[in-house]
Amino acid sequence: MTSGTGTAVSASTAAPTGVPGPEEMSMSRALNRALHDALAADDRVYLLGEDIGALGGVFRVTDGLARRFGESRVSDTPLAEAGILGTAVGLAIRGYRPVVEIQFDGFVYPAYDQIVCQVAKMHYRSQGKVKIPMVIRIPFGGGIGAVEHHSESPETLFAHVAGLKVVACGDPVDAYWMIQQAIKSDDPVIFFEPKRRYHEKAELDETTGPARPLYQAKVVREGTDATLFCYGPMVKTCLQAAEAAVEDGRNLEVVDLRSIAPLDLATIFASVKKTRRALVVHEAPLSLGTGSELAARVSEECFYHLEAPVLRVTGYDTPYPPSRMEEEYLPDLGRVLDGVDRVMEY
């Protein structure tokens, strides 16, 4: 093993990644493939987390990687999130590119001090001399019937912190490319993965390269009457709502934000100026969420283009409920279509 000098692993050491061309795969498999490719391409990449080695992770995202690359590069850690992040900070300072897995969203809080006080500030504090090229993977959101602390949406806690980039993948193709782009970035990236979408599949062609930069939103459905802004687990829900709205004669545009910090304001503003109505959908609570910032920015920049106020369909301002009640908490098809009705009534 070399020091953190960026020595690339030779092509002959990398395991085959399948036949060339498109292949249908789930999000969890796409992430696994992407992490394999990142480990094979750069010996500075290290994976750390609870049960990610022998077990392959709770969601099997790291399955087989420890056998392929060894326990020194895919390391099981103690159940100590602050210690995991502290170790990753030291690796990043030494020139490595650690990829940390937080097993569930609600487990990240013991590491919040390290993330906010060290990961986010080290580059600024050192006047640019020290970089923290780190990715912190967090499965997030609800819908899996889990117990307390296993179904949360803490994205705005990190989006508020200067020095952190915050992104969320919404489909297997984005999962594959975005995690590799995040690993190559010199900025610390909080990488949210919608856990209830891990098993959903899409066709992925690994030979094409990423379709867009990491922090750029994408229009996943063109429309003219109103825009649904979403990310992570809500992308599928909003696409379903747009299809259902066709029966009411409404043509909805769906924009996957992909990046929460920074927001791709150019894409957001262009869509609003076209459709003149906007609805923001996310699982996180209503107050001070991503939807609040997006609504404020759109109101400032697109005020004279708007035919209605920017509305929001979100989780509620309560702790995440017990699993038997999560269907009442999470935005679903009916709540999104109700929001569409309200924004179209103005």
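Residues numbered from 1 in each chain as written. Predicted model: local features only at pLDDT ≥ 70, side-chain atom pairs only at ≥ 80, totals over all residues. Heavy atoms only, no water.

## Digging into the confidence of the model for the protein
Chain-level statistics for the protein give a pLDDT mean of 93 and a share of 94% at 70 or above. Across residues 1-17 the pLDDT falls below 50, and counting only partners more than four positions away or on other chains, this stretch makes 33 contacts in the model. (pLDDT = per-residue confidence, 0-100. Contact = heavy atoms within 4.5 Å.)

## Regarding the side chain of Glu-152
Residue placement: Glu-152 occurs in the loop between strand S5 (135-140) and helix H6 (155-159). Buried charged residue Glu-152 carries no salt bridge. Nearest counter-charge: Lys-195, at 8.8 Å. Within the structure, the side chain of Glu-152 is placed 2.5 Å from the side chain of Tyr-109, a separation counted as a polar contact. Apart from residues lying up to four places away in sequence, Glu-152 is in contact with Asp-105, Gly-106, Tyr-109, Phe-140, Gly-141 and Lys-195. (Helix = DSSP H or I, 4+ residues; strand = E, 2+ residues; numbered from the N terminus. Buried < 20%, exposed > 50% of the residue type's maximum accessible area, 1.4 Å probe, protein only. Lys, Arg positive; Asp, Glu negative; His and termini not counted. Salt bridge = Lys/Arg side-chain N within 4 Å of Asp/Glu carboxyl O. Polar contact = N/O pair within 3.5 Å; in protein donor to acceptor, adjacent residues only side chain to side chain.)

## Some words on the pairing of strand S10 (residues 226-230)
Among the 5 residues of S10, 5 are classified as buried, and the element is accordingly described as predominantly covered. Relative to strand S11 (residues 252-256), S10 is paired through 5 bridges, and the arrangement is parallel. Following the sheet pairing, Ala-226 is matched in S11 by Leu-252. In the sheet, S10 pairs with strand S13 (residues 278-285) via 3 bridges, with the strands oriented parallel. Counterpart to Phe-229 in the pairing with S13 is Val-280. (Pairing = 2+ DSSP bridges.)

## Re the packing of helix H1 (residues 27-41) against helix H7 (residues 172-184)
Running from N to C, H1 and H7 point in directions that differ by 30 degrees, and their axes come no closer than 8 Å. Considering the angle they form, H1 stands roughly parallel to H7. Viewed along their axes, H1 and H7 form a crossing whose handedness is right-handed. Between H1, through Met-27, Ala-30, Leu-31, Arg-33, Ala-34, Leu-35, Asp-37 and Ala-38, and H7, the contact on the second element is made entirely by Pro-172, Ala-175, Tyr-176, Ile-179, Gln-180 and Ile-183. When grouped by side-chain class, the residues that make up the contact of H1 with H7 number 11 nonpolar, 1 polar and 2 charged. (Axes fitted to C-alpha atoms, helices over the stretch in contact; angles between N-to-C directions. Parallel < 35°, antiparallel > 145°, perpendicular 65-115°, else oblique. Left-handed = near helix turned anticlockwise from the far one by under 90°. Nonpolar A, V, L, I, M, F, W, Y, C, P; charged D, E, K, R; others polar.)

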